[in-house]
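Secondary and tertiary structure notes
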Amino acid sequence: KNEVEQSPQNLTAQEGEFITINCSYSVGISALHWLQQHPGGGIVSLFMLSSGKKKHGRLIATINIQEKHSSLHITASHPRDSAVYICAVSGTASKLTFGTGTRLQVTL
Amino acid sequence: GAGVSQSPSNKVTEKGKDVELRCDPISGHTALYWYRQRLGQGLEFLIYFQGNSAPDKSGLPSDRFSAERTGESVSTLTIQRTQQEDSAVYLCASSLARYGGKETQYFGPGTRLLVL
């Protein structure tokens, strides 16, 4: 069993829909990271959180430490949100352990 | 300011040849990480530098892989006697590494390696 599990693996949504991607982990962590990888391959850090909730524009990330679970929400989705979203966790050593990613396609 | 840069962006080599991949982290970032993403697979950790030391090399897949960092800056990942299974995108990331795992990592654009 992987230390970081994401669901769903693939997600197709219509423009304007509310999207949720889930991440569960089985190890102790210092922080959980949500990353975005565009088709060209570049990776951008969206959020790093160790408790509670963070919001940036239409993106919201939450984490429940007791349940070892995090969610990434996208409100009013847009085709430009199409990308692979990756959940990763870091311990005190800072290296990241990654989930397998969720491929999101937002259509008009 | 400049982000993390990597070179070359693409590398095609023949099986058995050695390759060197370079990473220039963000200036002042003491932590540097190498990751690998094989086609259709998730990202995997290779090695972590704190300054010029590598306290965690646990992800290096074999002794054909080595890495060094100098001047608390540029890092080179070397793969000797390349094999076809080494084909992947090799990503470098850097961070300030001041907060014990609670810092954002900034990724470079990657080097796409193809071993024929």
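Refer to the preceding data block for the structure.
Turning our attention to the pattern of salt bridges. In this structure the tally under the stated criterion is 7 salt bridges over all chains. Across the pair D56(B) and K95(A) runs a salt bridge, and its minimum N-O distance is 3.2 Å. You can see D56(B) sitting in strand 6 (residues 53–56) and its partner K95(A) sitting in the loop between strand 9 (83–90) and strand 10 (96–98), one on each of two chains. K17(B) is the partner of E14(B) in a salt bridge, and the nearest nitrogen-oxygen pair spans 3.7 Å. By relative accessible area, which is 44% here, K17(B) ends up partly exposed. The structure contains a network of salt bridges with shared partners spanning R36(B), R38(B) and E44(B).

As a further point, take the side chain of S71(A). Residue and element names in this part refer to chain A. Looking at where S71 falls in the secondary structure, it is placed in strand 8 (residues 69–74). Residue classification places S71 among the buried residues on the basis of a relative accessible area of 7%. Side-chain polar atoms of S71 contact the side chain of N22, separated by 2.9 Å. With sequence-adjacent residues up to four places away left out, S71 is seen in contact with T20, I21, N22, W34, I60, A61 and T62.

Turning to the interface of chain B and chain A, a few remarks are in order. Contacts between the two partners involve 18 residues from chain B and, on the opposite side, 19 residues from chain A. Around 1600 Å² of area is buried between chain B and chain A when both sides are counted, 58% of it from carbon and sulfur atoms. Together, L43(B), K102(B) and F107(B) form the three largest contributors to the area buried by chain B at its contact with chain A, with a combined 31%. Across the contact surface, chain B and chain A share 1 salt bridge. Across the chain B-chain A interface, the total number found is 4 residue pairs in polar contact (both at pLDDT 80 or more).

Under the defined criterion, the tally for this structure stands at 5 aromatic pairs over all chains. Aromatic side chains Y35(B) and F45(B) sit 6.1 Å apart centroid to centroid with 65 degrees between the ring planes, which places their arrangement in the edge-to-face category. Of this pair, Y35(B) sits in strand 4 (residues 31–37) while F45(B) sits in strand 5 (residues 43–50), and the two are 10 residues apart along the sequence. An identical accessibility class is assigned to Y35(B) and F45(B); each is buried. Put simply, the rings of F98(A), Y33(B), Y35(B), F45(B), Y48(B) and F107(B) pair up and form one aromatic cluster.

We now examine the pairing of strand 8 of chain A. As a general feature of sheets, a regular strand has side chains that alternate between the two faces. Residue and element names in this part refer to chain A. Taken across its 6 residues, strand 8 has 5 buried, putting it largely inside the fold. Here strand 3 (residues 19–25) runs beside strand 8; their pairing, made up of 6 bridges, is antiparallel. If you follow I19 over to strand 8, its bridge partner there is I74. Relative to strand 8, strand 7 (residues 59–64) runs antiparallel, the two sharing 6 bridges. By the bridge assignment for strand 8, T62 is matched with S71. Hairpin geometry of strand 7 and strand 8 is characterised by an intervening segment of 4 residues between the two adjacent antiparallel strands and by a positive phi of about 55 degrees at K68.

Conventions used here
Residues numbered from 1 in each chain as written. Chains lettered and ligands numbered in written order. Predicted model: local features only at pLDDT ≥ 70, side-chain atom pairs only at ≥ 80, totals over all residues. Heavy atoms only, no water. Salt bridge = Lys/Arg side-chain N within 4 Å of Asp/Glu carboxyl O. Helix = DSSP H or I, 4+ residues; strand = E, 2+ residues; numbered from the N terminus. Buried < 20%, exposed > 50% of the residue type's maximum accessible area, 1.4 Å probe, protein only. Polar contact = N/O pair within 3.5 Å; in protein donor to acceptor, adjacent residues only side chain to side chain. Contact = heavy atoms within 4.5 Å. Buried area = accessible area lost by both parts, 1.4 Å probe. Phe/Tyr/Trp six-rings, centres within 6.5 Å; stacked < 30°, edge-to-face > 60°. Pairing = 2+ DSSP bridges.

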